[in-house]
Every structure is written in structure tokens, then in C-alpha cells.
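Structure at a glance
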Amino acid sequence: MPKIIFAFLCLTLTTLISAHFTFAETWTPDQGDGTYQNPIIFADYSDPDIVKVGDDFFMTASSFNSVPALPILHSKDLVNWKLVNYAVRQFPDNHFDKPQHGNGVWAPSFRFHEGWYYIYWGDPDRGIFRVKTQNPFGEWETPTQVSKAFGNIDSCPLWDDDGKVYLVHAFANSRAGVKSIIQVAEMTVDGAELTPNKQVVFMGYDKHTTIEGPKFIKRNGYYYIFAPGGGVPTGWQTILRSKNVWGPYEDKIVLAQGSTDINGPHQGGYVELDNGEGWFVHFQERQPYGRIVHLQPVDWIDDWPVMGDDKDGDGCGEPYLQHAKPSLPQQPLSIPEVGDEFDGESLSLAWQWQANPYPGWFNLDQGEGQLRLKAVYPQEPHLNLWTVPQILLQKLPAPAFTSETKFDPSQLLPGERGGLVMMGMKYAVVAVERGSSGKLTLKYKHCLDAMGHQPEIEQNSIELPSDTSSIIVKCVMESGGLCQFEWSSYGATFQSFDTPFQAVEGRWIGAKVGIFAEKNRALGEQGWIDFDYFRIE
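Worth saying up front: this structure is predicted, and the values here are computed from it rather than measured.

Another point: the overall build of the protein. Each helix and strand counted, the protein has two helices and 37 strands in total. Computed over the C-alpha atoms, the radius of gyration of the protein is 24 Å, within 12% of the 24 Å expected from 2.2 N^0.38 for a compact globule of 537 residues. Overall size of the protein, expressed as C-alpha extent along the three principal axes, is 75 × 55 × 40 Å. Each of the 537 residues in the protein was classed as buried or not, and the buried ones make up 61%. Restricting the contact set of the protein to residue pairs at least 6 apart, pairs at least 24 apart contribute 59%. Side-chain charges of the protein comprise 42 positive and 66 negative groups, with the mean position of each set lying 4 Å from the other.

With respect to the element layout, Thr35 can be found in strand β1 (residues 35-37). Residues Thr35 and Lys325, spaced 290 residues apart in sequence, show a C-alpha to C-alpha distance of 5.0 Å. For Thr35, the residues in contact, after removing those within four places along its chain, are Pro29, Asp30, Gln322, His323, Ala324 and Lys325. A distance of 3.0 Å separates a polar atom in the side chain of Thr35 from a polar atom in the side chain of Gln322.

Let us look at the pattern of salt bridges. One pass over the full model with this rule turns up 28 salt bridges. With a closest N to O distance of 3.6 Å, Lys474 and Glu404 form a salt bridge. With Lys474 in strand β32 (residues 471-477) and Glu404 in strand β27 (residues 401-408), the pair connects residues that are 70 residues apart, well separated along the chain. When sorted by exposure, Lys474 lands in the same class as Glu404, which is buried. Among the ionic pairs, Arg521 bridges to Glu416, the shortest N-O distance being 3.3 Å.

So, on to the packing of aromatic side chains. If you walk through the whole model with that rule in mind, you get 27 aromatic pairs. For the ring pair Tyr166 and Trp246, a centre distance of 5.7 Å and an interplane angle of 85° mean the geometry is edge-to-face. Of the two residues, Tyr166 is situated in strand β11 (residues 165-171) and Trp246 in the loop between β16 (236-242) and β17 (250-255); the sequence distance between them amounts to 80 residues. Given the relative accessible area of 4%, Tyr166 is considered buried. Considering the side-chain rings of Trp353 and Phe362, the 5.6 Å spacing of their centres and the 35° angle between planes classify their relative orientation as tilted. An aromatic cluster is built from Phe58, Phe110, Phe112, Tyr117, Phe137 and Trp140, whose rings are joined through pairwise contacts.

When pLDDT is averaged across the protein, the result is 92; 95% of the residues are at 70 or more. Here residues 1-24 is modelled with pLDDT under 50, and outside its nearest four sequence neighbours on either side it reaches 47 contacts, counting other chains as well.

This paragraph deals with the sheet that holds strand β23 (residues 352-353). Across the sheet, seven strands lie side by side as β23-β26-β36-β28-β29-β30-β31; this open sheet has antiparallel pairing. Two strands in the sheet have a free side with no partner beyond their single neighbour: β23 and β31 (457-464). Pairing of strand β28 (residues 416-423) with strand β36 (residues 512-519), which is carried by eight bridges, proceeds in the antiparallel orientation. Each residue of the ladder has a partner; that of Met422, found in β36, is Val513.

With 47 residues, the main nonpolar core has Phe342, Leu371, Met422, Phe485 and Ile515 as its most contacted residues. Discounting residues that sit within four places of it in the chain, Leu371 has contacts with Phe342, Leu347, Phe362, Asn363, Leu364, Leu392, Ile515, Ile529, Asp530 and Phe531.

By secondary structure assignment, the location of Gly369 is in the loop between β24 (362-363) and β25 (371-374). For Gly369, a relative accessible area of 22% puts it in the partly exposed group. As for Gly369 and Phe342, which are separated by 27 residues in sequence, their C-alpha atoms are 5.1 Å apart. With near-sequence residues (within four places) excluded, Gly369 lies in contact with Glu341, Phe342, Asp343, Phe531 and Asp532.

Taken as a whole and judged by the stated rule, the model has zero disulfides. Not engaged in a disulfide, the cysteine Cys483 finds its nearest cysteine sulfur in Cys475; these two sulfurs lie 3.7 Å apart. The class of Cys483 is buried, set by a relative accessible area of 1%.

Glancing now at the pairing of strand β3 (residues 56-60). The buried count for β3 comes to five of five residues, which makes it a mostly enclosed element. Burial of the side chains of β3 extends over both faces: Asp56, Phe58 and Thr60 are buried on one face and Phe57 and Met59 on the other. Taking the residues that link successive antiparallel strands as the turn, the strand β2 (residues 49-53)-β3 hairpin has two residues, and the phi of Gly54 there is positive, at about 65°. With three bridges connecting them, β3 and strand β4 (residues 69-75) associate as antiparallel partners. Residue Met59 lies in a different strand from β4, and its bridge partner there is Leu73.

A few words now on the environment of Asp97. Here Asp97 is to be found in the loop between β5 (81-88) and β6 (106-113). A sequence separation of 44 residues divides Asp97 from Glu141, and the C-alpha atoms of the two residues are 20 Å apart. The contact partners of Asp97, leaving out residues within four places of it in the chain, are Ala355, Asn356, Tyr358 and Pro389. One polar contact links Asp97 to Tyr358, side chain to side chain, over a distance of 2.8 Å.

What counts, and at which threshold
Residues numbered from 1 in each chain as written. Predicted model: local features only at pLDDT ≥ 70, side-chain atom pairs only at ≥ 80, totals over all residues. Heavy atoms only, no water. Helix = DSSP H or I, 4+ residues; strand = E, 2+ residues; numbered from the N terminus. Rg over C-alpha atoms; globule rule 2.2 N^0.38 Å. Buried < 20%, exposed > 50% of the residue type's maximum accessible area, 1.4 Å probe, protein only. Contact = heavy atoms within 4.5 Å. Lys, Arg positive; Asp, Glu negative; His and termini not counted. Charge placed at Lys NZ, Arg CZ, Asp CG, Glu CD. Polar contact = N/O pair within 3.5 Å; in protein donor to acceptor, adjacent residues only side chain to side chain. Salt bridge = Lys/Arg side-chain N within 4 Å of Asp/Glu carboxyl O. Phe/Tyr/Trp six-rings, centres within 6.5 Å; stacked < 30°, edge-to-face > 60°. pLDDT = per-residue confidence, 0-100. Pairing = 2+ DSSP bridges. Core = buried A, V, L, I, M, F, W, Y, C linked by side-chain atoms within 4.5 Å. Disulfide = S-S within 2.5 Å.

Written as C-alpha cells, this is what we have:
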């Protein structure tokens, strides 16, 4: 790294880092020379959508079962992003009290209208919802249901010039029994409900199978529906265009993988700068990391958007790996935060639970920069961590990194355990357990089918002194997701476990790394683990 860039980075980090989280230098999109590299966020922000308000850009993404939900990211230049909030801190009903892997919040849209920020999304099992606020950094209103429907997903509103309001959405085949269909419905003028006035405007069976994720805009007299086709791993970005909101719509593919390694480049959001530059954020599925975020320039030719690098001039581009940054003022380097030193008044925004959190699960009041996780029984018998709500997890932030946590297990009671987990449909865990005899044991386990409720398989077991008060566990991930787990007691030399683990994605999300504490009984006293820090480097 050139000295000038390194000095700039150090100065920037000094001003940006808050006391309670760490900055991972493992992936920095801003190259410091007026260019950026893709992805702009090497983390699982699936189905991103974006809105421009003045000089500010805001992004949200699917959160599925994770709570808090609907992350709010902020940028001034479309390249350097910071995680600043969540639109839903906790769901108000008990539907999310248990993990809803693969369900929940699908493909949101982010819009601004007459002083209000809106996010609409589809829950495949319950219908279309929205939240709104006048301050995206502050409190958002409680989610309200716009439409009760089974299988309606991927919704996006459009406020038209004549005061009418419309909503476009897709269908989930797993619930509705149909797919590759885009429907437009008129809404009440406040955007709070659907009216009976609705119509299917496009069927993509022949050319755009699995067309979904629609985003609605109006530009230069045309209604545009940005709708990805072809499925997540191998699809493309389709544009539908019509002079009438009800169609008929022409269709055109404007972004595809082409000769690049960026598979399935599609589903995202479009913004236009004051100088007329167009930019499109989209995801690429790169497991086990999830759906990572890319940025492509957009040119408008004959009222069609052309995304990325259109080498042959056919109107369909391919993704850029590196490009000149948007024509916006230079900003400090920034990425969504990771890690947590547990010395703030609240948890880092990087954390998400597997379900609705409850205050009794944890506290930060130890006075020594520690997080106390209570050993919680998850309300029902379980064979693995898939159905356990009180797991605290973070997204994988880079191709290769090390996550490390230090904790005190001495207050665990018999039948309780806790430690570090690399979570997904397969997972690995390094946890300290206290047995019925009172002995502490450090155990390394794999679960090879979490979603199928298969039990964990023990790989290594190390007996510890019963009063052990300091354990450090780390996971060293190589590019591609191969993980080597290590441990140390009282800061002594680290020892590696024999068997590495290949990280695997979750249900529609990437793998996640984090910490937990649990007990195997519903009644009786409750122990805990005190975590000193959780670091990603």
C-alpha cells in the first residue's frame, strides 16, 4: 500500500472508529486514486435497494429471519458505506419469536416521498408490509400491513405525477404456486392499502423465468420495472418499459455476466445524480459469504438503461470489477462496522439475533467492558442451534479474515454451554460446557445438517480446570470459506483443532459468525458467560 494512501487510511480510521467496534481492513472498495473495486460491500446485504435524498444515499436489504431487521446503510459517494440503523429493531408480534430461516423480510424497496422515507417488503407467508420515518437515522414507525396475501413478495411503490400511487410485486412459487409474473396494483393515496384495481402486466415464462424483485420508477414519460430474471446464481437484469402503467411492457436484458466472474448480476436499485449520472447497485451470490453488493454505472440510450461495460454495443453490459468513482465529493474510507469491544452503551449494529431478542438474554452492565450472555433455554427441545433464537451473529465481512473472542465460562451451571459458532445450514461450534459433575470441557463440534435437525458431532474434547475464567477462541477463515478453529487459555500459545470446517451458507443468507450461551433445561437457576470482546481482523 502506498505511504500516502496508508497515511490517509490511518487518519480516516482515527476519526471514524467508535470505541466499541473494530474496523476490518480486509476489504476496502475505495482504491484512493479516484476508482473503486467491486464489490463495494463484501458482506451479505441481499436484494439491495437505494434512495437519494439531497446529498445523502441510503440503502436497505433483505434480512429474512434476522433481528433487528431491514438494515439502514448511509453513504455520501455510493462507495463508502456505513451501517447506521435498522428500520425494525424488534417485530411487535410473536411470529418472529422463533427463528424463521428463509422466511420473513424479502426484497425490500426504499423510497422517499414528500418528506417521508418508506420501506416496503413482502413476507411470503403473511403479505406486504411497510415502515416509514422522517429521520432514517432515528426511530421508524411500527410495521403496518399493506396487504394480507400468501405468496406476494418483492414489492415496490410508485407515486405518479397525477397523485395516484401504485405498487408492483412478484409471486413466490413456493407459496402462490406461480412465478415469473409481475403484477401492478393501485394503492390508496397514502400508500397504506391496496385497492381492488390490479393487473398482471408481465409474464416471463418464455424468456425470463423466475422474474422477480421488481423496482418501479418513472423517467422521461416511461414506466420502468427493473426486474431480475433467471434465478439468483445465474440470472440477469431485465428492464420492462411502457408508456402506460398497466402496460403492455417491452422487455430487454441490460446486464449479464458476460465474460466476467460476476455470476447472476441482478436485483438492486437505481439512483441518478444531480449531474445526470446513473448508478445501479446489485448483488452477486458468492457463497458461503452470501449476496455481496456491487455498483455499476448506467448510461441511457434510446430511453433504455445500459448497465456496466457494454463492450459490443448491443445494449447489454457486463459488470465492472473496477471503475471510476461517481462524480461526488471525496469521502473518508468507510465500511459497515464489524466486531464489538462491548464497552459502549449498546451492542454494535453489526449484531443480529436469529429471532426477536429479549432483555433477559444479555446485559452490558459489568463495568469492565463485557457482554454478559445468559444461558437461555430456547423454549423447546432441540438437537442443534438451528431453532435457538438467542444466537448473536455477524455477517462475514471479507474473503479471508480472523474472528476472535475472549470469554469467562466460570459461571456456567451444569447443563449449560457457550462460545463461538460459524453458523449456516452446516455449522461448527467451539463451546465450553459444564457437565453434571461440575467439570468444564471445551468441545469442538460439527453439525452437518442443521436445517434437517441432525445432532452435532463431536470432533475434539478438552477437559479444563473447573474454575477456568479465561478462554480465547478464534476462527481463521481462508478465501473460499475453509475455517481453522484455535483456542488458548489465559493467553497461552494457541492450539489448533485437528479438523478444519468448510463454512456453508444459511437459508437464503450467507454464513454468519458469532457467539451464544444456552442451557439444556427449562427450569432451575441460570448461569452466564462474560465476553470481553469479539474481534474481526
